[in-house]
Every structure is written in C-alpha cells, then in structure tokens.
Amino acid sequence: MTQAENLILIHYHEVGLKGKNRGRFENQLISNVNKTLKNIEIGPIRRISGRIYVELTPESPVGVIRERLGWVFGIANYSEALRVDNDIEQIRQAAWAAAQKTTFGSFKIATRRSDKTFPFNSDDINRDVGAYVQERSQADVRMTDPDLTCFIEVTTSGTFVYAEKFPGPGGLPVGSNEKAVSLISSGIDSPVASYKIMKRGVTLSFVHFHSQPYTNRNSERNVEELIKHLMRHQFKAKLYSVPFVEIQRHIMQHGIEGYRVILYRRAMLRIAEAVARRERAHCLVTGDNVGQVASQTLMNLKAIEDVTLYPVLRPLAGDNKDEIVEQAKKIGTYEISIEPYEDACTVFIPKHPTTRAKLDDIHKTEAEMDLDALIDQTLAQTVVKVIEW
Ligand code: ATP
Ligand code: MG
C-alpha cells in the first residue's frame, strides 16, 4: 500500500460474542449493511477479524453513509478511518491526518494491537505517535477526558486510524434471529414495540385491524407509512390488513358490554396467531403498557393472553408514556403516529370497560357467540401486502 485508504470501520455489538454462530451473524450484518447502502457509491465491503469495513471512493457521499449506518442493528459504533500498512511512519502520518480534522487543546492516543508480530507494543505506539502529534499540534497529552482521542488498531489486515466514533443502534442484525408477528395500530406505542423486537434480530410480519367503512382509510395509510419507515431496518415485510368490523359488531351484539375491549383483543390475538402459524413465526408482539388503559390492567392482560399459547412479547410493558414518546421521536415514528386517524377500537368502545375481567365470564360469553366461523371468514377476507423500504 502506498496511499492511505479511506473507509468506514464498523465495530459490532453482541455479534462478536455469539460463539459458533458468529459467522452467520456476521454474514447477516454484512448483507444488511449492503442493502442499507444500496444505490450508494461505495467500494467493496470487507470483513476482518471482529470488524467489517466499507471502502470509500472519492465520490462516496460520506454524510449519507454515516446517517444510514445509524439504522443497522448489530452495529456498536463506526468511524471514518484511514487504513495504512503496519508501518510506524505511515501510522504517525495517518494519526496526524485524522487529528487535523478537528481543533483540540488536549489529546491522547489509544492503541490496540492484535497483530503481535508488529515490533512495537501498544504503549510504544502510544508514546511514539503521541510525541509526533504533540510536536506538530503543540497540544497537551491528557489521559482523562481529552478533547481528542486518536484510535489506532494494528491488525493483520493493516492498521486503522480514526479520531471519532459514531454510536450505532446496537442490538443484533435483523434476520439473524427468528420471526414474530407484530400487532400494529397507528398509535404511538406499537411501532416502538416493533422496533425494539426487530432490534433483537427478529424479522417481523405485521397485522393491522381496521374498521372500514366505519372509519376512513387513514389508519391503514398511517400503518403502511409506519411500516415503510420501520423497513429502513428490515427492508421489507408483509402486512396483513384485517377487516375487523364484522367481529366487532358481533361482539357488540352478543358480548357483555364492559368486556367488549377484552373480547376484541382476544379475537385479535386469535387472528394474529393464525397469521403467525402461516408465517412460521413463534411469538406475537404488542405495544401494551401496564396500566395505561383499561385493557392493560394485569388481570385484563391475563384474560386477553389466555386465548393463545403463543408468547406475547410486550417490550413496552414497563415504560412510562413520556419514555415511549421519546423513543418514538428518536426512531422517527412519532410524527407519523400523531397524524389524525380513527382507531378501530375507539368507534366501538364501551363507556365503562371493566378493569377486572374474569375468565369464567369470558368463556361463558364467548360460548354463546359464533366467533370461530367469523374468524375464519375474516381471515379469508384479509388482504396481504408487501411493504418495502
Ligand atoms: P398503540 O399506541 O400501539 O395503539 P395503545 O397504548 O393505544 O397502543 P391499545 O390501543 O389499547 O393501546 O392497544 C394495545 C396494543 O394492541 C397495541 O399496542 C397494538 O399492539 C394492539 N392493537 C390495538 N389496536 C390495534 C389495531 N387496530 N390493529 C393492530 N393491533 C392493534
Ligand atoms: Mg391504540
């Protein structure tokens, strides 16, 4: 190598810890980085031990690449770096070049050496390069809280030098784990719940229940927009759009009034479970939050979940509303969620929903209904769409 190479160096999060699954996780991460940067001018993506890097060309739009890598689950942090030969003179020059991108009054050099054949150890390199940068910058060397930290990684695939780390979202690469089905409304909570489960490497399919023609199409459109936004992490997903009016009408006519919401939710879970079976998914996901609304008392959550053997993941169970709103803003779903819409349930909600649903009562009232046939019919009328990023 005669000239330093410009690249983006990516450090993984838990990916590196996964023992013999490591290869699969790394391949998934590389594939996801590739898809995230599609249509963007970059050089090859390479893998070296414990890291991957994206080579840049003079035309590469670094700002766009930086923004997009912030979406890729599994990335712990990433940096614009220079790669040079394992040669102390080249390392000095690269460190000085990286340092000069900012102004600083104090700095330190932080070296990690995995290539043990390199004749200098980490302390030697810190001292040598530190003296080089100090002489040219006249800045102070400071070990704690310096203005600038210049990182040097000496590996068997060359030395990487960079002065700034951008945080990635962490988690696990989407597609590296199994599948789940997320019940998504156009509210604030369920998109955040979906995000959190995707961040654990899970691939989601979505189910949305709408009450057309009693509501307009806004909830469906909002949901599609929300999923499209979330697909910056997963690229594409199926949305099962379920016409829920017949079931709601039936429950209104036959169910105990205070139990209506519980009965709607049970029907939703049964349909979501049928979708999960079709999708070969193993869990359901909701945005439920303990105590937030009447259907979310512990007793009612139990009465709702009784209808399915599938685990229901509720990643927001213990969050405060303001914490959820903050997360929604951070991941970019908040603005879409607060668009006006009519919720399937608000139209059919009773005045005095129970907070203490008893399973005996539920089983009795459901036994008098004809839900099985209605659920089959509803599934047959469900529309499946593929939503892409
Ligand atoms: P959200 O903000 O997600 O709507 P919420 O706090 O308004 O949640 P509920 O409306 O009681 O609470 O819904 C609880 C959960 O049930 C939602 O997070 C979602 O997972 C699911 N859910 C509710 N309504 C629908 C719907 N129309 N379609 C799909 N899932 C729904
Ligand atoms: Mg809601």
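Preceding this paragraph is the structure being described.
The structure presented is a predicted model; accordingly, all values stated were derived computationally and were not measured.

S.K.: What should I look at first to understand empty space enclosed by the protein in this one?
M.R.: The method is simple in principle: a probe with the dimensions of a water molecule rolls over the atoms, and the space it marks as empty is what remains. Under the defined criterion, the tally for this structure stands at one cavity of 30 Å³ or more. As for the largest cavity, its lining consists of Asn-32, Thr-36, Trp-71, Val-72, Phe-73, Pro-173, Val-174, Arg-232, His-233 and Phe-235. Secondary-structure elements contributing two or more residues to the lining of the largest cavity are helix H1 (22-36) and helix H6 (218-234). Here the lining of the largest cavity is composed, by residue class, of six nonpolar, three polar and one charged.

S.K.: Sorry if this is basic, but what is going on with the layout of surface pockets here?
M.R.: A volume near 410 Å³ is recorded for the second largest pocket. Along the wall of the second largest pocket there are 17 residues; nearest its centre are Pro-169, Tyr-195, Gln-327, Lys-330 and Ile-331. When contributions to the lining of the second largest pocket are tallied by element, the ones reaching two or more residues are helix H5 (189-198), H6 and helix H10 (321-331). At five residues, the largest contribution of residues to the lining of the second largest pocket is made by H10. Looking at the lining of the second largest pocket residue by residue, the classes come out as six nonpolar, five polar and six charged. Both domains that meet at the lining of the second largest pocket, namely domain 1 (5-167) and domain 2 (179-388), each give it at least three residues.

S.K.: Got a minute to help me understand the environment of Phe-151 in this structure?
M.R.: Secondary-structure assignment places Phe-151 in strand S7 (residues 148-155). Here the alpha-carbon distance between Phe-151 and His-282, two residues 131 residues apart in the chain, equals 43 Å. Beyond its immediate chain neighbours, meaning those up to four positions away, Phe-151 contacts Ala-110, Phe-160, Val-161, Tyr-162 and Lys-165.

S.K.: Help me understand the sheet that holds strand S12 (residues 236-243), please; the structure alone is not making it clear to me.
M.R.: Hydrogen bonds between backbone atoms are what pair the strands of a sheet, whose relative direction is either parallel or antiparallel. Across the sheet, which stays open at both edges, the six strands sit in the order S14-S13-S10-S11-S12-S15 with mixed pairing between neighbours. Of all strands in the sheet, those bounded by a partner on one side alone are strand S14 (312-313) and strand S15 (383-388). Both strand S10 (residues 179-183) and strand S13 (residues 283-285) contribute to a ladder of three bridges, which runs parallel. Considered in S13, the bridge of Ser-182 is made with Val-285. Here helix H8 (residues 260-279) sits on the sheet and contacts S10, strand S11 (203-210), S12, S13 and S14; the angle it forms with S10, its principal contact strand, is near 150°.

S.K.: I would appreciate a short explanation of H10 in the present structure.
M.R.: Of the positions making up H10, those classed as buried are Ile-324, Val-325, Ala-328 and Ile-331. End-on, the buried residues of H10 take up no more than an arc of 135°, which puts them together on one face. Of the exposed residues in H10, those oriented more than 90 degrees away from the buried face are Asp-322, Glu-326, Lys-329 and Lys-330. Where H10 is buried, its residues meet H5, H6 and helix H11 (334-337).

S.K.: Help me understand the side chain of Arg-113 in this model?
M.R.: Looking at the secondary structure, you find Arg-113 in strand S5 (residues 106-113). Buried and unpaired, Arg-113 has no salt bridge, with Asp-115 as the nearest side chain of opposite charge at 6.9 Å. In this structure the side chain of Arg-113 is engaged in a polar contact, spanning 2.8 Å, whose partner is the backbone oxygen of Phe-118. A distance of 3.4 Å separates a polar atom in the side chain of Arg-113 from the backbone oxygen of Phe-120. Setting aside anything within four residues of it in sequence, one finds Arg-113 in contact with Phe-118, Phe-120, Asn-121, Ser-122 and Val-154.

Basis of the calculations
Residues numbered from 1 in each chain as written. Chains lettered and ligands numbered in written order. Predicted model: local features only at pLDDT ≥ 70, side-chain atom pairs only at ≥ 80, totals over all residues. Heavy atoms only, no water. 1 Å grid on protein atoms, 1.4 Å probe; cavity = no way out; pocket = protein on both sides within 12 Å on 5 of 7 lines; lining within 4 Å. Points joined across faces, edges and corners; volume = space filled by probe spheres on them. Helix = DSSP H or I, 4+ residues; strand = E, 2+ residues; numbered from the N terminus. Nonpolar A, V, L, I, M, F, W, Y, C, P; charged D, E, K, R; others polar. Domains from an automatic or database assignment. Contact = heavy atoms within 4.5 Å. Pairing = 2+ DSSP bridges. Axes fitted to C-alpha atoms, helices over the stretch in contact; angles between N-to-C directions. Buried < 20%, exposed > 50% of the residue type's maximum accessible area, 1.4 Å probe, protein only. Arc of directions from axis to C-beta. Lys, Arg positive; Asp, Glu negative; His and termini not counted. Salt bridge = Lys/Arg side-chain N within 4 Å of Asp/Glu carboxyl O. Polar contact = N/O pair within 3.5 Å; in protein donor to acceptor, adjacent residues only side chain to side chain.

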